[in-house]
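This is what each chain is made of:
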Amino acid sequence: MTIPTRTLGTNGPRVSALGLGCMGMSALYGDADRTESIATIHAALEAGVTLLDTGDFYAMGHNELLIGEALRTAPAARREQALTSVKFGALRGPDGGWFGYDGRPAAVKNFAAYSLQRLGVDHIDVYRIARVDADVPIEETVGAIAELVEQGYVRHIGLSEVGADTIRRAAATAPIADVQLEYALITRGIEDRILPVTRELGISVTAYGVLSRGLISGHFTTDRQLGASDFRAHSPRFQGENLQHNLTLVEQLRKLAEQKGVSVAQLAIAWVLSRGEDIVPLVGARTRERLTESLGALDVVLDAADLAAIEATVPADSAVGDRYPSAMMAHLDSEH
Ligand SMILES: NC(=O)c1ccc[n+]([C@@H]2O[C@H](COP(=O)([O-])OP(=O)(O)OC[C@H]3O[C@@H](n4cnc5c(N)ncnc54)[C@H](OP(=O)(O)O)[C@@H]3O)[C@@H](O)[C@H]2O)c1
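Just so we're clear, the structure is a prediction, and the values are computed from it rather than from any experiment.

Participant: Looking at this structure, I do not really get the nonpolar core. What am I missing?
Facilitator: Side chains of a nonpolar character, in soluble globular proteins, are inclined to be buried together. Of all hydrophobic cores here, the largest spans 97 residues; its most connected members are L20, A207, I216 and A268. Per-element tally for this core: the top contributor is helix α10 (residues 264–273), with nine residues. In this structure, I216 is in contact with A184, L185, I186, L211, V250, L253, V264 and A268, ignoring residues within four places of it in sequence.

Structural data, given as structure tokens:
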């Protein structure tokens, strides 16, 4: 299988058109199977996926160590094609609590030093702060990453969940390859004010939550038991009547998917892929089965009639419930 590629930004890396987001292999979506997680990363590399996304705070280094092990045990050619995209800056406690963000230049270099060690690599391909540190101008945080680029420890600079003004300020400081943003059929908030700016500045979007954390995957049901550490147990979109409503949208989407002979997840991922060459979806597959399903989206061709039918079935703003609990929404520069 040959996976198409897309370039991040004007000077960023050429990456597979679908990236693998590894977060759920360590945190936030309930128990994951370590052996299956590593097998999934290996299968992704084997299939031609090159972009692996992580965060140093995903189970406090666990996710980076997992990726490091997967890279170490992959055939050399596969290891060499892998590009790491790493988020840093979130401050967490031993009980898993979240204490804000640290984007001070000294902290940026400290975070990077630990990530390089855990991943077992000599450079990170794209490095970004997960959320803006309200006490540190973005120019200082991005400037510190730019120094890491000069020193060869980082190749490219990214951003995450930032709004139009922050994107402009960051891009005036150093070249930005991509902004990581939540973007899905039922999460279209970036279209009005953020996408026009990334496009004007030649910056790509790595889209996360393209299946809305499983909600629009076609596999999520109301009887799913969510542990206290599962993000979805606290996400407004997964609660009570909101969940019921949102799953009725999925059932309507399922009819369209069946007409096209594809799965709901494939239709949802293909829709994000259809938004433009500047968009690279990160899929959160945790098993080889889900990975295979996701990669199938690359073969789904959506014509104008398909797109119109999808948009009529799931119009923008048709989902109910915020995409994050309110305390976390407050940290989203992209929402202000
Ligand atoms: N920058 C940021 O702020 C930010 C925030 C969140 C995530 N991210 C990154 O983006 C990546 C993707 O985000 P996400 O994991 O929330 O995305 P997602 O793809 O919307 O959701 C992943 C979940 O969907 C379920 N799923 C069902 N069918 C699937 C299929 N065919 N393929 C993949 N998943 C399927 C899986 O749950 P089951 O395994 O239980 O079936 C999986 O845990 C993360 O891994 C992380 O690297 C970034």
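Participant: Can you help me understand the sheet that holds strand β4 (residues 51–55) in this one?
Facilitator: The strands that make up a sheet are held in pairs by hydrogen bonds between backbone atoms, and each pair lies either parallel or antiparallel. Strand order in the closed barrel formed by eight strands is β3-β4-β5-β8-β9-β10-β11-β12, with parallel pairing between adjacent strands. On average, adjacent strands in this sheet sit at an angle of 30° to one another, irrespective of strand direction. Bridging between strand β11 (residues 204–208) and strand β12 (residues 279–283) involves three bridges; their strand directions are parallel. Within the sheet, the bridge partner assigned to V205 lies in β12 and is I279.

Participant: What should I look at first to understand the site of the ligand in this one?
Facilitator: Taken together, 30 residues lie around the ligand, and G21, Y208, G214, S217 and G284 are the ones closest in. For the shell around the ligand, the secondary-structure elements that each account for two or more residues are β4, β12 and α11 (288–295). The leading source of residues in the shell around the ligand is α11, at three residues. Across the shell around the ligand, the residue classes tally to eleven nonpolar, twelve polar and seven charged.

Participant: What exactly am I supposed to notice about helix α9 (residues 240–260) here?
Facilitator: The α-helix winds at 3.6 residues per turn, so residues separated by three or four positions along the chain end up facing the same way. With 21 residues, α9 should cover 30 Å at 1.5 Å per step; its first-to-last C-alpha distance of 31 Å lies within 8% of that length. Here α9 has its buried residues at L243, N246, V250, L253 and A257. One side of α9 holds all its buried residues, which, seen down the axis, span an arc of 85°. Exposed and facing more than 90 degrees away from the buried side of α9 are E241, Q244, T248, E251, K255, E258 and Q259. Residues of α9 that are buried make contact with α10 and α12 (304–313). One or two steps after α9, the chain reaches G261, where phi turns positive at roughly 75°.

Participant: Which parts of the structure should I look at to understand the pairing of strand β7 (residues 98–101)?
Facilitator: Side-chain positions along a regular strand alternate between the two faces of the sheet. In the sheet, strand β6 (residues 90–92) pairs with β7 via two bridges, with the strands oriented antiparallel. Within β7, the residue paired with R92 across the bridge is W98. Hairpin connection of β6 to β7: five residues between the antiparallel strands, including G96 at a positive phi of 90°.

Participant: For this particular structure, what's the right way to read unusual backbone geometry?
Facilitator: The phi torsion of most residues other than glycine is negative, and most of the peptide bonds are trans. If you check the backbone angles, A59 has positive phi at about 55° while not being a glycine. Mapping A59 onto the fold places it in the loop between β4 and α2 (62–72). Phi is positive for D317, close to 70°, though the residue is something other than glycine. Here D317 shows up in the loop between α12 and α13 (326–329).

Participant: Hey, could you run me through the UniProt feature "domain: NADP-dependent oxidoreductase" (unreviewed entry) in the protein chain in this one?
Facilitator: UniProt feature "domain: NADP-dependent oxidoreductase" (unreviewed entry): in the numbering of this structure it lies at residues 18–312. Span residues 18–312 is 43% helix and 17% strand, its end C-alpha atoms 25 Å apart.

Participant: It is not clear to me how helix α4 (residues 105–119) should be interpreted in this structure. Could you clarify?
Facilitator: Over its 15 residues, α4 extends 21 Å from the first C-alpha to the last, a length consistent with the 21 Å expected when each residue adds 1.5 Å. Taken as a whole, α4 has its buried residues at V108, F111, A112, S115, L116, R118 and L119. All buried residues of α4 lie within an arc of 160° about the axis, which places them on one face of the element. For α4, exposure combined with an orientation more than 90 degrees from the buried face picks out A106 and A113. Immediately downstream of α4, the backbone of G120 shows phi near 70°, a positive value.

Participant: In this structure, what is going on with the packing of helix α1 (residues 34–47) against α2? I would like to understand it.
Facilitator: When two helices pack together, their arrangement is given by the angle between the helix axes and the distance between those axes. Packing of α1 against α2 brings their axes to within 9 Å, and their N-to-C directions diverge by 55°. What the angle tells us is that α1 and α2 run oblique. Between α1 and α2 lies a crossing whose hand is right-handed. Every residue of α2 that contacts α1 at R34, S37, I38, I41 and H42 is listed here: L66, I67, E69 and A70. In terms of residue class, the contact of α1 with α2 is built from five nonpolar, two polar and two charged.

Here is what the cut-offs are and how they apply
Residues numbered from 1 in each chain as written. Predicted model: local features only at pLDDT ≥ 70, side-chain atom pairs only at ≥ 80, totals over all residues. Core = buried A, V, L, I, M, F, W, Y, C linked by C-beta atoms within 7 Å. Buried ≥ 20, exposed ≤ 12 C-beta atoms within 10 Å, placed from the backbone. Helix = DSSP H or I, 4+ residues; strand = E, 2+ residues; numbered from the N terminus. Contact = placed C-beta atoms within 7 Å. Pairing = 2+ DSSP bridges. Axes fitted to C-alpha atoms, helices over the stretch in contact; angles between N-to-C directions. Near = placed C-beta within 6 Å. Nonpolar A, V, L, I, M, F, W, Y, C, P; charged D, E, K, R; others polar. Expected span 1.5 Å × (residues − 1). Arc of directions from axis to C-beta. UniProt positions renumbered as here; feature names shortened; annotations may be inferred. Parallel < 35°, antiparallel > 145°, perpendicular 65-115°, else oblique. Left-handed = near helix turned anticlockwise from the far one by under 90°.

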